[in-house]
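Chain and residue survey
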Amino acid sequence: VYGSGSTPQLRMFDSGGTVFFNASPSGGVNYIKFNPTQAASGDANALDDYEEGTWTPVLTGDSTSPTITYSQRPGSYVKVGKLVTITAYLEITARSGGSGNLVITGLPFTAANSGQTYNGVALPYYIGYTGYNQLMSLIQPNQSMIYFLAANLANGAGWSYLPLANVPTTGDRKSTRLNSSHTDI
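Read on for a plain summary of the structure. Residue numbers here run from 1 along each chain, matching the order of that chain's written sequence. Where local features are concerned, this predicted model is filtered to residues with pLDDT of at least 70; where side-chain atom pairs are given and counted, the filter is 80 or more; whole-chain, interface and lining totals use all residues. Excluding hydrogens and water, the side-chain figures rest on all heavy atoms present in the structure.

Quick notes on the pairing of strand E7 (residues 83–96)
Put simply, the rule is: Strand pairing is assigned whenever DSSP identifies at least 2 bridges connecting the two strands. The secondary structure listing takes helices from DSSP runs of H or I that are at least 4 residues long and strands from runs of E that are at least 2 residues long, numbered from the N terminus.
Examined bridge by bridge, strand E5 (residues 67–72) and E7 share five bridges and lie antiparallel to one another. Residue Gln72 lies in a different strand from E7, and its bridge partner there is Glu91. When strand E6 (residues 75–80) meets E7, the two strands line up antiparallel, connected through six bridges. Within the sheet, the bridge partner assigned to Gly75 lies in E7 and is Ala88. Where E6 hands over to E7, the hairpin turn is made up of two residues, of which Gly81 adopts a positive phi near 60 degrees.

As structure tokens, then:
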């Protein structure tokens, strides 16, 4: 690290190939690379775990599974230490059968068992869920599925789990986008 006017402004290299960083305007590596074996250290303050990947969200009921035709359902995640950020987009063209409350399964990691703390899931876009004008979702502690809660606040109805029966079975495409950050076990 050199002050202003010096060429190298920040350089970090590990002889074992674990960490590279070069903030020099003349070029260089410009990233942090973790050891590919992902060997976690015993130090709770060490940033030693990074992972990116994909997951396949599955829309289902918590009692019995429906038959669903998807036109799209990509999911991705980034895990840094114990923090997992997920994104997904689900677009369905048909649903038949199934019972119970609407859930999305297939999360890449189980949420931390953190007592009564719930992990929120942002739903920036959703259409097609009938009978409700407010929708939110959550990941409960020690679970790897997303539950949906719904309310029709215009008529005074309170929050409750969204029944799978309220997801339309045919007609226009029904879609949901979701984003969440939660801690894993």
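Comments concerning unusual backbone geometry
To keep it simple, the criterion reads: For every residue, the accessible area (1.4 Å probe, protein chains only) is compared with the maximum for its type, and the residue is labelled buried under 20%, exposed over 50%, or partly exposed between those bounds.
In the Ramachandran plot, Asn142 falls in the positive-phi region, its phi being about 65 degrees despite a non-glycine side chain. Exposure remark for Asn142: the relative accessible area of 39% places this residue in the partly exposed category.

Re the packing of aromatic side chains
Convention followed: Ring geometry is summarised as follows: Phe, Tyr and Trp rings, the Trp one being its six-membered ring, pair when their centres sit within 6.5 Å, and such pairs are stacked at plane angles under 30 degrees, edge-to-face over 60 and tilted between the two. Each ring is checked for a lysine NZ or an arginine CZ that lies within 6 Å of its centre and within 35 degrees of its normal; such an atom marks a charge sitting over the ring.
Tallied over the entire structure, the rule returns two aromatic pairs. Consider the rings of Tyr77 and Phe109, whose centres lie 5.4 Å apart with planes at 80 degrees: the pair is edge-to-face. Of this pair, Tyr77 sits in strand E6 while Phe109 sits in the loop between strand E8 (102–105) and strand E9 (119–126), and the two are 32 residues apart along the sequence. Using a relative accessible area of 10% as the deciding quantity, one classes Tyr77 as buried. Over the aromatic face of Tyr70 sits the side chain of Arg73, whose NZ or CZ is 4.1 Å from the ring centroid. It is Lys79 that lies over the ring of Phe109; its NZ or CZ is 5.5 Å from the centre.

Digging into a nonpolar patch on the surface
Heads up, the condition is: Exposure above 30% relative accessible area and no salt bridge define the residues that can form patches, which grow by joining like charges within 9 Å and nonpolar side chains of Val, Leu, Ile, Met, Phe, Trp and Tyr within 5 Å. The Shrake-Rupley method, run with a 1.4 Å probe sphere, supplies the accessible areas, and residue values consider only the shown protein chains as cover. Criterion for a salt bridge: a side-chain nitrogen of Lys or Arg within 4 Å of a carboxyl oxygen of Asp or Glu.
Together, Tyr50, Val78 and Val80 make up a nonpolar patch on the protein surface, roughly 190 Å² of accessible area in all. In this fold, Tyr50 is placed in strand E3 (residues 50–54). Residue classification places Tyr50 among the partly exposed residues on the basis of a relative accessible area of 31%.

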